[in-house]
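# Secondary and tertiary structure notes
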Amino acid sequence: MSDLAISSRGLTKRFGSGQVAVNAVDLAVPAGSVYGFLGPNGSGKTTSIRLLLGLVRPTAGRHDLLGEPMPQRAARVLPRVGALVEGPAFHPYLSGRDNLRRLDAADRTTDPASERQRVDAALERVGLLAAAGKRYRIFSLGMRQRLAIAAALLRPRELLILDEPTNGLDPQGTREVRQLLTALAADGITVLLSTHLLSEVEQICTHVGVMHLGRLVAQGELATLRAQTAPRVRVLSPEPAAAAKILGDLGLTSVERVGETVTAVIGEAGTAGGTTVPPEKVVAALVHADVPVRGFEVSTSDLEEMFVELTGEGFDVSG
Amino acid sequence: MSVAEVPAGVVAPPLVSTRFFRSELLLIFGRRRNWVGMAVLAAVPVVLAIAVKVTAPPAGSDVGSFIGNITSNGLFVALASLTLEIPLFLPIAVAAIAGDAVAGEANQGTLRYLLSVPVDRTRLLLVKFGAIVVFALICTLLVAAVGTLLGLVLFGGGPVVTLSGSTLPFWSGVGRLVLVCLYVTVCLTGFGAIGMFVSTLTEQPIGATIAVMLLAFASQIMDAIPQLSVIHRYLPTHYWLSFAELMRDPVDAGRLVPGLLSALAYLAIFGSAGWARFSGRDVTS
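## Let's talk about the overall build of chain A
Scanning chain A from terminus to terminus reveals 11 helices and 15 strands. Taking all 319 residues of chain A together, 44% fall into the buried category. Look at the contacts in chain A between residues 6 or more apart in sequence, and 70% of them connect residues 24 or more apart.

## A short note on the sheet that holds strand E12 (residues 232-236) of chain A
All names here are of chain A. Across the sheet, four strands lie side by side as E13-E14-E12-E15; this open sheet has antiparallel pairing. Two strands bound the open sheet, and with one partner strand each, they are strand E13 (253-258) and strand E15 (295-299). Neighbour to neighbour, the strand axes of the sheet diverge by 15° on average, direction disregarded. Where E13 meets strand E14 (residues 261-265), four bridges bridge the pair, whose relative direction is antiparallel. Residue valine 258 lies in a different strand from E14, and its bridge partner there is threonine 261.

## Quick notes on the environment of Ile70(B)
Residues and elements named next belong to chain B. Considering the arrangement of structural elements, one finds isoleucine 70 in the loop between helix H3 (66-69) and helix H4 (75-85). The exposure class assigned to isoleucine 70 is buried, which follows from the 27 C-beta atoms found within 10 Å. In this structure the C-alpha to C-alpha distance between isoleucine 70 and phenylalanine 155, which are 85 residues apart in sequence, comes to 7.4 Å. Leaving out residues up to four positions away in the same chain, isoleucine 70 has contacts with Val52, Phe76, Val77, Ala80, Gly151 and Phe155.

## Quick notes on the confidence of the model for chain B
Interpretation of this model should avoid reading the predicted coordinates in detail wherever pLDDT is low. Residues and elements named next belong to chain B. Counting all residues, the mean pLDDT for chain B is 90, and 93% of those residues have values of 70 or more. Confidence over residues 1-7 falls short of pLDDT 50; this stretch has six contacts with residues more than four positions distant or in other chains. Interface confidence for the predicted complex, expressed as ipTM, amounts to 0.87; the pTM equals 0.86.

## Quick look at the packing of helix H2 (residues 32-55) of chain B against H4(B)
All names here are of chain B. Closest axis-to-axis distance for the H2/H4 pair is 9 Å, and the angle between their directions is 125°. Compared by their axis directions, H2 and H4 come out oblique. Judged by the twist between their axes, the crossing of H2 over H4 is right-handed. Together, Leu41, Val44, Pro45, Leu48 and Ala49 of H2 and Val77, Ala78, Ala80, Ser81, Leu84 and Glu85 of H4 make up the contact between the two elements. Broken down by class, the residue content of the contact of H2 with H4 amounts to nine nonpolar, one polar and one charged.

## Examining the nonpolar core
Core analysis: the largest hydrophobic core is formed by 148 residues, its most contacted members being Ala150(A), Ile161(A), Leu79(B), Val94(B) and Ile132(B). Other than its neighbours up to four places away in sequence, Ile132(B) contacts Val94(B), Ile97(B), Ala98(B), Ala101(B), Gly192(B) and Met196(B). Of all hydrophobic cores here, the second largest spans 14 residues; its members include Ala243(A), Leu252(A), Leu286(A) and Val291(A).

## Notes on the interface of chain A and chain B
Each side of the interface is counted separately: chain A has 33 residues, and chain B has 31 residues. Its residues placed into classes, the side of chain A that touches chain B shows 18 nonpolar, six polar and nine charged.

## Concerning the pairing of strand E7 (residues 81-84) of chain A
Residues and elements named next belong to chain A. Neither face of E7 is exposed, since Val81 and Ala83 on one face and Gly82 and Leu84 on the opposite face are all buried. The pairing of E7 with strand E8 (residues 159-163) spans four bridges and is parallel. Each residue of the ladder has a partner; that of alanine 83, found in E8, is isoleucine 161.

## Some details on unusual backbone geometry
Put simply, Met70(A) and Pro71(A) share a cis peptide bond, and its omega is 0°. Of note, the bond from Asp249(B) into Pro250(B) is cis; its omega dihedral lies within 30 degrees of zero at -5°. Following the sequence through the fold, Pro250(B) ends up in the loop between helix H10 (229-232) and helix H11 (257-279). The backbone of Ala24(A) sits at a positive phi, close to 50°, despite the residue not being glycine. Owing to 15 C-beta atoms within 10 Å, Ala24(A) belongs among the partly exposed residues under this scheme.

## Some words on the environment of Pro40(A)
Mapped onto the elements, Pro40(A) comes out in the loop between strand E4 (34-38) and helix H1 (45-53). Using a count of 21 C-beta atoms within 10 Å as the deciding quantity, one classes Pro40(A) as buried.

## Points about H4(B)
Residues and elements named next belong to chain B. Counting buried positions along H4 gives nine out of 11 residues, so the element sits mostly inside the fold. Looking at H4, one finds that the buried residues are Leu75, Phe76, Val77, Ala78, Leu79, Ala80, Ser81, Leu82 and Glu85. Its buried side turned inward, H4 meets H2, H3, helix H5 (89-108), helix H7 (121-155), strand E1 (160-161) and helix H8 (170-199).

## A look at the confidence of the model for chain A
Mean pLDDT over chain A stands at 87; residues scoring 70 or higher make up 92%. In the model, residues 269-274 of chain A has pLDDT below 50 throughout and makes 12 contacts with residues more than four positions away in sequence or in other chains.

## What about the packing of H5(B) against H7(B)?
Residue and element names in this part refer to chain B. Running from amino to carboxyl end, H5 crosses H7 at an angle of 160°, the nearest separation of the two axes being 10 Å. The angle between the axes of H5 and H7 places the two elements in the roughly antiparallel class. Between H5 and H7 the crossing geometry is right-handed. Only Lys128, Ile132, Phe135, Ala136, Cys139 and Thr140 of H7 make contact with H5, whose side of the interface consists of Leu90, Ala93, Val94, Ile97, Ala98, Ala101 and Val102. Of the residues belonging to the contact of H5 with H7, the class tally is 11 nonpolar, one polar and one charged.

About the cut-offs
Residues numbered from 1 in each chain as written. Chains lettered and ligands numbered in written order. Predicted model: local features only at pLDDT ≥ 70, side-chain atom pairs only at ≥ 80, totals over all residues. Helix = DSSP H or I, 4+ residues; strand = E, 2+ residues; numbered from the N terminus. Buried ≥ 20, exposed ≤ 12 C-beta atoms within 10 Å, placed from the backbone. Contact = placed C-beta atoms within 7 Å. Pairing = 2+ DSSP bridges. Axes fitted to C-alpha atoms, helices over the stretch in contact; angles between N-to-C directions. pLDDT = per-residue confidence, 0-100. Parallel < 35°, antiparallel > 145°, perpendicular 65-115°, else oblique. Left-handed = near helix turned anticlockwise from the far one by under 90°. Nonpolar A, V, L, I, M, F, W, Y, C, P; charged D, E, K, R; others polar. Core = buried A, V, L, I, M, F, W, Y, C linked by C-beta atoms within 7 Å.

Written as structure tokens, this is what we have:
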């Protein structure tokens, strides 16, 4: 098996309208990773997922899933891939269970004799067993989302492609999904998690890829990407001018003063873990100079900052 | 994780599996809307038989037509009902199912999940089309069965007087009626192929259904305009009523062939057009 569960080369989708939704994307999702697929609304995440699953034909480029070329080997590969694309979609007048049975029946590679066990196990896993007999149309948004996750887990998978799986879930449900994904990842299942909940990414992802305007603007291990943005120190002092001077003397850059708070970049981008000035020296210098310190903090750049840095601050949906 | 390891409950794909097809039939015949539609289809022979029974038209009127023959034999309730339903109700029923075939799944978003199961697109169309054929057959048989049963109760059975004036034994008459149902089903199948093609063009099932219904009506209107006689034999509905040939004695099979060929031609053309359209289409719903 290839080391990459998903790999694409120059994957591009230009729609009939001329809009380039996905532009030369080279995805590399290592097997066994939990890959956070980030990007603002309209940045091309969902179209990328549709391309990966073969729902949309690429204008250019190619991609492999689980080491097999798509879409040529779709019949072989897709049964091993569970997917949740752009929210749940089921037949409203069928029960939750009957909806799963229909998907199971459509799968030529499952054994009809064990359909019931599979369906029940999937329902159990998302806590929907008790409500499975109800018609889908009376399901709440959270129940619908759970059913979609159950469909993705209907049979043993090697790769899960999940588009905002916690959308519409209550905090309890969000937590359950997070635990479920963590457990699945521990079993060695690769997960591509498209989301805009950065806290979710920080908690469970090992890798991230960031989409912006149809391009993959960053990709790699979460820790490595984080290190690329410089950590900062924050000093809280009643004598901010003196504190700022000390920080400047120590060679820290971008020293800024707001009220009693002074911030500065403690190292250069890409040097996290090996910052040029150790934080403890900063404290020592401040104390030595008799600058009163009320608070001190080193913030490794948080994901949100990194995200905004890569994709711009605007709230506008990418056109 | 190892790929070689075959997970529990997973089998090599069998050459032929009817599971998805059966699931499709359950979906169609489990849907209340379709039950209502079939109830309407079944109501026509009931209304017709009771109306004829109550009003008792003078004997000898309308000789040679199915309705005129009803009082002589219950089987003619079935034939008259099919004659009444084939211009309107049966095409509507087929249009409802065919229009829904692909557009309905696309509209609900279930199409993207079926395709990522994966269901091969050609297989999806074959299953959908097979279900349309079964539905058309069941609807036709339903009308014929209700008509026959009620007709036998109200007007009795016995030998069947054909449209040519000769007499057939009762069971031969039943055999002819079954052939009539098969002919009507083939005609509706060709029409259903058009419906399924239209269904691949849109994500609005109602829109597809209405478009196909309008096509059936327009075809019949044009068929009624003598000045358009040049194109009559190319109209999809032109040969539908030719099933009456099966109630002549002897049957001139040659007069049934054009209708069958017309239906097969529509099936071939619109089946391939639907396939060509759907197999390359981007599914963005």
